[in-house]
Protein chains: 4
Amino acid sequence: MVSFESDYIMGAHPLILQRLIATNTDFHTGYGADPYCESAKERIREACGCPDAEVEFLVGGTQTNVTVISTMLSDSEGVIAVATGHINVHEAGAIEYTGHKVLALPHHNGKLAPDELEDFMASFYADSSYEHMVIPGMVYLSHPTEYGTLYTKEELQKIADICHSYEIPLFLDGARLGYGLMSLQSDMTLSDIAKLCDVFYIGGTKVGALFGEAVVFTRQNRPRHFTTSVKKRGALLAKGWLLGLQFDTLFTDDLYFNISRHAIHMAEELKEIFREKECAFYLESPTNQQFIIVENRQIEELKKQVRFELWEPYDESHTVVRFVTSWATTREDLRAIKELRFCV
Amino acid sequence: MVSFESDYIMGAHPLILQRLIATNTDFHTGYGADPYCESAKERIREACGCPDAEVEFLVGGTQTNVTVISTMLSDSEGVIAVATGHINVHEAGAIEYTGHKVLALPHHNGKLAPDELEDFMASFYADSSYEHMVIPGMVYLSHPTEYGTLYTKEELQKIADICHSYEIPLFLDGARLGYGLMSLQSDMTLSDIAKLCDVFYIGGTKVGALFGEAVVFTRQNRPRHFTTSVKKRGALLAKGWLLGLQFDTLFTDDLYFNISRHAIHMAEELKEIFREKECAFYLESPTNQQFIIVENRQIEELKKQVRFELWEPYDESHTVVRFVTSWATTREDLRAIKELRFCV
Amino acid sequence: MVSFESDYIMGAHPLILQRLIATNTDFHTGYGADPYCESAKERIREACGCPDAEVEFLVGGTQTNVTVISTMLSDSEGVIAVATGHINVHEAGAIEYTGHKVLALPHHNGKLAPDELEDFMASFYADSSYEHMVIPGMVYLSHPTEYGTLYTKEELQKIADICHSYEIPLFLDGARLGYGLMSLQSDMTLSDIAKLCDVFYIGGTKVGALFGEAVVFTRQNRPRHFTTSVKKRGALLAKGWLLGLQFDTLFTDDLYFNISRHAIHMAEELKEIFREKECAFYLESPTNQQFIIVENRQIEELKKQVRFELWEPYDESHTVVRFVTSWATTREDLRAIKELRFCV
Amino acid sequence: MVSFESDYIMGAHPLILQRLIATNTDFHTGYGADPYCESAKERIREACGCPDAEVEFLVGGTQTNVTVISTMLSDSEGVIAVATGHINVHEAGAIEYTGHKVLALPHHNGKLAPDELEDFMASFYADSSYEHMVIPGMVYLSHPTEYGTLYTKEELQKIADICHSYEIPLFLDGARLGYGLMSLQSDMTLSDIAKLCDVFYIGGTKVGALFGEAVVFTRQNRPRHFTTSVKKRGALLAKGWLLGLQFDTLFTDDLYFNISRHAIHMAEELKEIFREKECAFYLESPTNQQFIIVENRQIEELKKQVRFELWEPYDESHTVVRFVTSWATTREDLRAIKELRFCV
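Residues numbered from 1 in each chain as written. Chains lettered and ligands numbered in written order. Predicted model: local features only at pLDDT ≥ 70, side-chain atom pairs only at ≥ 80, totals over all residues. Heavy atoms only, no water.

K.L.:
Any chance you could explain the overall build of chain A here in plain terms?
P.N.:
Counting its secondary structure elements, chain A contains 14 helices and eleven strands. Rg of the C-alpha trace for chain A: 20 Å, near the compact-globule value of 20 Å for 344 residues, within the 12% margin. Taking the principal axes of the C-alpha coordinates as reference, chain A spans close to 60 × 55 × 35 Å. Each of the 344 residues in chain A was classed as buried or not, and the buried ones make up 66%. Sequence-distant contacts, at least 24 apart, represent 72% of the contacts inside chain A between residues at least 6 apart. Put simply, chain A shows about 12000 Å² of open surface, and 48% of that area lies on carbon and sulfur atoms. Each charge class in chain A can be summarised by its mean position, and for the 31 positive and 49 negative side chains these summaries are 6 Å apart. (Helix = DSSP H or I, 4+ residues; strand = E, 2+ residues; numbered from the N terminus. Rg over C-alpha atoms; globule rule 2.2 N^0.38 Å. Buried < 20%, exposed > 50% of the residue type's maximum accessible area, 1.4 Å probe, protein only. Contact = heavy atoms within 4.5 Å. Areas by Shrake-Rupley, 256 points an atom, 1.4 Å probe, with all protein chains shown as cover. Lys, Arg positive; Asp, Glu negative; His and termini not counted. Charge placed at Lys NZ, Arg CZ, Asp CG, Glu CD.)

Below, the structure is given as structure tokens:
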């Protein structure tokens, strides 16, 4: 049965697997002190147009969010995110586990509105009792968001300006960054992201790697003794070269971008199929996650034919469901969707 | 200048001060292992009609919330509170500092709606990805709330029933419990509170003591090695008998209830004065905190005549302000309000 | 029965109690924003000869250690202390609760040896795997130590020099600072302490106050948003003026020093009594804590006549016990010791 | 250049790599809800002779120690380990980051002495101030230890008995468990380990896997909502089937034991080579880590010929160095050691 359950349902891109096989019996130095990591970091710096960037590899997305946020916040600070942000909902309280509050603002199809951020900051410091409240110390965005939506360059610029006027860093969670950058609606390059954000990560787990996320500190602002902080969180991979090898491959010959573009093409075809079937879209997503509304009574039948994710209740008799394409989606997979009968 | 800024603007009730003076040069054993603590605990158990209750004393409200919540939650759990709950706003992220998320639900004049709690719990466990989310592990209520409002016995019973059906404890923050119990609208006794809650605290700081809160565990559910946990939070007072002495005095001859009733009488007179002045009440509060809406342009002038707290913006040109009575409020203080010219 | 159990067995110095009584019914602003705190801070700055010092008040010793250490350490860092240091033994793991390790070095009658500190630091950074270890980020000393012993000015200077060469702060726990400064063997003034340490605290709980410790940051190095961090730890006293009043009194007319000197005189007389009785001293303590070795079989009998603390086992048949004088010890109390029959 | 630097210098056993290749383009469900994990768990339960065991997979050793220890300790508790234990030295304070102290006892070639444990427990509870101290809540052992040494069955039984008499769990860190079980000196089977320990883990990272550790809870004592706690620590691998696949392979046809036995044979030959060269052994290690003492002046020359780890200074002119064999060590690798000239 085909699966559109998520973008982490398959192993690695074949080129990555080849590298793992080719180097499997070499001797490597552990914990990231290997030439593959060095090479991958250099390639990422180049791709970001940011020669001074400091790049660090971690295993997964929640781990990355936690490590970046908790090492960059000061004691009294919390992190601003929209209510639907991954860190606020689906990370089991991982940020709070590090002693910091997530300050939740309203979302608009998963996005933070720059003017609402500005209002929040201004009224925070206007409150005479603000010293009894968590100090906003960072802004967290996901791009694409949990709803597949994208910030425009202008929006990101505005948010960055607000952050910098309050002297707090802007952190962008790029678990699906490739799919965002290759979206037909994207008006930003990786270089733009690097210029506007103080720190962000390039997701590997969902874009062709077995696992791995590459954090990019763009302002020489990597926390001191970062390796120790990573180790302290149980997040330092012994065989760190596995991360280096994967990202080195992804950033050779534009592989990361090419496979992301493929996923977007597949998503566009998927949308076309849904349109033909006159499905109701929950929202307009320009990336690889598509949300449609289905009748509850159809769900069981659908589940027998394809794998997908139940997202959230829509109303009494309908549910929002998610279909996700990825670097690995094929035309055959799409054909299976075409043959489905639903969304009348 | 008179002050209605809060209910912790004065020292202690004279009877408490007398006890401190009378025992000042006696030898006491430290850390709460003294006869005053024992006596106070016994008096509180009696007042609660709960002979098996375990009573513990702490210094302040945030400290108490943090200690109770973090020792009663399991690792994977968070605490449910309304968005305006003290732990969610004005404790500087103290709960999160212990590694637990505050799960914020909507408030209704500061109160949690039983049916919204029930919906939240039911839909939480209906969500297929709930294991990636913070498990709701406790319900926190403040009574009176931050807006001076009260739960009815029926409401509290409903909330307790929901908690118990999900096997999570109900914790009631009684920083101003006396003022709640003595409210003319209260339909609960201290005994009712003890029956319905798994743990609650009786506030001293705002009700006649120099400092001190008495936590009551009503189900033989005090966390094991609780003293060690208190010490671990830097919350174990060396001269612990000071807490015992104060609560022993407050729970002798109904002092706690009598001084609370006085504050309520003062609040009722204050409301009457405001009504005569045709002030706009922000909401109907049956306890010692009163919220009225004043024009922004009047605030500076008012500040010269009386102390009060700016609560929150109401609209472009108005602000909600708070006036608080306490055990120490006098008719002279009220007269000062009477003479004010405002709220036209 | 007289008690030499500790230096926190009585209430407050009468002058402090008088101030509490005199101001009990005044209106005060909460959380330390009151004139008494301001005045007390100014007096402490003067007494320290450190006009730029930032002074903050907290309630108790463990709370103070935790707040200072955890707000000054970076994420990857731990705090160096001797194995017998209060933070390593008798604070129930409060430092670890903030996520930081106590790096324990050997003690010498409670003291840290400067050369052992230097060796530790040098070999730490010589270890090729140091990034996998907790980075030493602060040195904690208690003065007097838990064994009543004192650092000489030369020793403290050496330790300060090592700290500064590694760019880590030196923190001195002065829970009993008065008794250290007034010791006949002290070669340091409060001013010396302020010059050598980056942060230290002046203990009130054990030196005449009901409770309270005054933290002094000597290098404009108070952590940012410190009040918020204090609140976050549940350590912000609502009626903060109580701390200001007490320290204002202690630092008026040299009260703090005078009552400390009294305790030292009492301790010297106590030592003389023990010498006359041919007691075996466990070590030579120049401050208000005295440690003698008694036969186990005498302990029960002694306990009937005087209160003291069992410190630690000495050998199979002997125990080290502690007798403590304080600002409140009287000649009558000493007389009771004189009449004891033990230590043969 | 050959490397004896550690047992995590190579990728995975070829059979594991084959499984990864064979399943790379299949659809898998994430987060461990896949048939490979189920199968692997069943095989491990069988290998442990413990049909009721609950098995969970994590990515790395520090992560595993942290997750197990912090979810099994109560708030007031710490974990006992020898001073040289991995959690006390080389995990960057990861345990303390979860709010719990490591209670360090002396080591004997890396091992905990049962009688010293018994003494510690007995004197802890005999101390009248124990409530101010961290409560010992678990015993952590590594087997093999960081020095390659092994507990005998009798020793482990004694330690288990002490733990059970104090009602605290015994946790065994088996990062190198295979090498311990296959040691010529081992008198224990995997089944014995499962019987004696309340929880332990079977290391994969150092024994043939790319990464992965299998935690075995032997008494139906897996903490509630364990998956949520894993997620909360950023430790839940998205492509969880990678862990299942690897352990399923390792526990098919005794692969785990066979490759561990190979490493032991290689270690025995390595020891023989060292003996022939008249090297001074630092201690007698019956497992795959060998420690010899070399002159400092030889180290630079040696480093040009083989990779190994500097362990610790021995004296002014000598250093302890570590050579490690693994499942991947070959006779060719040993030949390189044979040709070295050192240890005169």
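Back to the write-up after that little detour.
K.L.:
It is not clear to me how the relation of the copies chain C and chain B should be interpreted in this structure. Could you clarify?
P.N.:
Two copies of one chain are present, and they are related through a rotation about an axis combined with an axial shift. Rotating chain C by 180° and translating it 0.0 Å along the rotation axis places it on chain B, where the RMSD comes to 0.0 Å. Such values leave the two copies arranged in the relation of a two-fold axis. The overlap is high: 100% of the interface residues of chain C also sit at the interface in chain B, so the same surface is used on both sides. (Least-squares fit on C-alpha atoms with pLDDT ≥ 70 in both.)

K.L.:
How do you make sense of the interface of chain C and chain B when you look at a structure like this?
P.N.:
A common way to express how large an interface is: the accessible area buried when the components associate. Across the boundary between the two partners, chain C contributes 47 residues, which contact 47 residues of chain B. When chain C packs against chain B, the two sides together hide about 4200 Å² of surface, and 62% of this comes from carbon and sulfur. Taken as a group, Phe27(C), Tyr97(C) and Lys239(C) account for 19% of the area that chain C buries against chain B, more than any other trio of residues on that side. The tally of links between chain C and chain B comes to zero salt bridges. Counting the contacts that link chain C with chain B gives 22 residue pairs in polar contact (both at pLDDT 80 or more). Those elements that provide at least two residues to the side of chain C that touches chain B are helix H1 (14-23), helix H3 (61-72), helix H5 (94-97), helix H10 (226-232) and helix H11 (241-250) of chain C. Tallied by class, the residues present in the side of chain C that touches chain B amount to 22 nonpolar, 16 polar and nine charged. (Buried area = accessible area lost by both parts, 1.4 Å probe. Salt bridge = Lys/Arg side-chain N within 4 Å of Asp/Glu carboxyl O. Polar contact = N/O pair within 3.5 Å; in protein donor to acceptor, adjacent residues only side chain to side chain. Nonpolar A, V, L, I, M, F, W, Y, C, P; charged D, E, K, R; others polar.)

K.L.:
Can you walk me through the interface of chain A and chain D in this structure?
P.N.:
Taken together, the contact between chain A and chain D spans 47 residues of the former and 47 residues of the latter. Carbon and sulfur atoms make up 61% of the area that chain A and chain D hide from each other, which totals about 4200 Å². Scanning the region where chain A abuts chain D turns up zero salt bridges. If you look at where chain A meets chain D, you find 22 residue pairs in polar contact (both at pLDDT 80 or more). Elements with a contribution of two residues or more to the side of chain A that touches chain D: helix H1 (14-22), helix H3 (61-72), helix H5 (94-97), helix H10 (226-232) and helix H11 (241-250) of chain A. Each residue belonging to the side of chain A that touches chain D can be placed in one class, and the counts come to 22 nonpolar, 16 polar and nine charged.

K.L.:
Explain the pattern of salt bridges to me, please; I cannot follow it from the model alone.
P.N.:
A side chain with one charge may pair with a side chain of the opposite charge, provided their charged atoms come close. With the rule as written, the count across this model stands at 84 salt bridges over all chains. Linked through salt bridges whose partners overlap, the residues forming this network are Arg19(A), Arg43(A) and Asp248(A).

K.L.:
How do you make sense of the packing of helix H1 (residues 14-23) of chain B against H1(C) when you look at a structure like this?
P.N.:
Each pair of packed helices can be summarised by the angle the axes make with each other and by the distance between the axes. For the pair H1(B) and H1(C), interaxial distance at closest approach is 11 Å and the crossing angle is 170°. The orientation of H1(B) with respect to H1(C), classified from their angle, is roughly antiparallel. Here H1(B) contributes Leu17(B), Leu20(B) and Ile21(B) to the contact with H1(C), which in turn contributes Leu17(C), Leu20(C) and Ile21(C). For the contact of H1(B) with H1(C), the per-class residue count stands at six nonpolar, no polar and no charged. (Axes fitted to C-alpha atoms, helices over the stretch in contact; angles between N-to-C directions. Parallel < 35°, antiparallel > 145°, perpendicular 65-115°, else oblique.)

K.L.:
It is not clear to me how the sheet that holds strand E9 (residues 289-295) of chain A should be interpreted in this structure. Could you clarify?
P.N.:
To summarise the sheet geometry, strands pair through backbone hydrogen bonds and adopt either a parallel or an antiparallel arrangement. Residue and element names in this part refer to chain A. Ordered in space as E8-E9-E11-E10, the four strands form an open sheet in which the pairing is antiparallel. Taken across any chain shown, the strands that pair with only one partner, and hence form the sheet edges, are strand E8 (280-281) and strand E10 (309-315). Sheet topology places E10 next to strand E11 (residues 318-324); five bridges connect them, and they run antiparallel. For Glu312, the partnering residue across the bridge sits in E11 and is Val320. With respect to the sheet, helix H12 (residues 255-276) is in contact with E8, E9 and E11, its orientation differing from that of E9 by roughly 20°. (Pairing = 2+ DSSP bridges.)

K.L.:
Even after reading the chapter, I still don't get the side chain of Thr249(C), so can you show me in this structure?
P.N.:
Residues and elements named next belong to chain C. Assignment of secondary structure puts Thr249 in helix H11. A distance of 3.1 Å separates polar atoms of two side chains, one belonging to Thr249 and the other to Arg19. In this structure Thr249 touches Leu15, Ile16, Arg19 and Leu255, once residues within four positions along its chain are discounted.

K.L.:
For this particular structure, what's the right way to read the relation of the copies chain A and chain D?
P.N.:
Superposition of chain A onto chain D requires a rotation of 180° combined with a translation of 0.0 Å along the rotation axis, giving an RMSD of 0.0 Å. Interface residue correspondence from chain A to chain D reaches 100%, placing this contact among same-surface, isologous pairings.

K.L.:
What is the right way to read the pairing of strand E9 (residues 289-295) of chain B from this model?
P.N.:
Each regular strand displays side chains that alternate between the two surfaces of the sheet. All names here are of chain B. Counting buried positions over the seven residues of E9 gives six, a clear majority of the element. Looking at chain direction, strand E8 (residues 280-281) and E9 are connected through two bridges and run antiparallel. Bridge pairing links Phe281 to Ile292 in E9.

K.L.:
Would you mind showing me how to read the packing of aromatic side chains here?
P.N.:
Given two aromatic rings, one states the distance between the centres and the angle between the planes to describe the pair. By the definition in use, this model includes 90 aromatic pairs over all chains. When the centroid spacing of 5.5 Å and the interplanar angle of 70° are considered together, the rings of Tyr31(A) and Tyr8(D) count as edge-to-face. Here Tyr31(A) is found in the loop between H1 and helix H2 (35-47), whereas its partner Tyr8(D) is found in the segment before helix H1 (14-23) on a different chain. With a centroid separation of 6.4 Å and an interplanar angle of 35°, the aromatic rings of Phe171(A) and Tyr201(A) are classed as tilted. Here Phe171(A), found in strand E5 (residues 170-174), pairs with Tyr201(A), found in strand E6 (residues 199-203); they are 30 residues apart in sequence, far enough to count as distant. For Lys111(B), the ring lying beneath its charged end belongs to Tyr151(B), and the centroid distance is 5.5 Å. (Phe/Tyr/Trp six-rings, centres within 6.5 Å; stacked < 30°, edge-to-face > 60°. Lys NZ or Arg CZ within 6 Å of the ring centre and 35° of its normal.)

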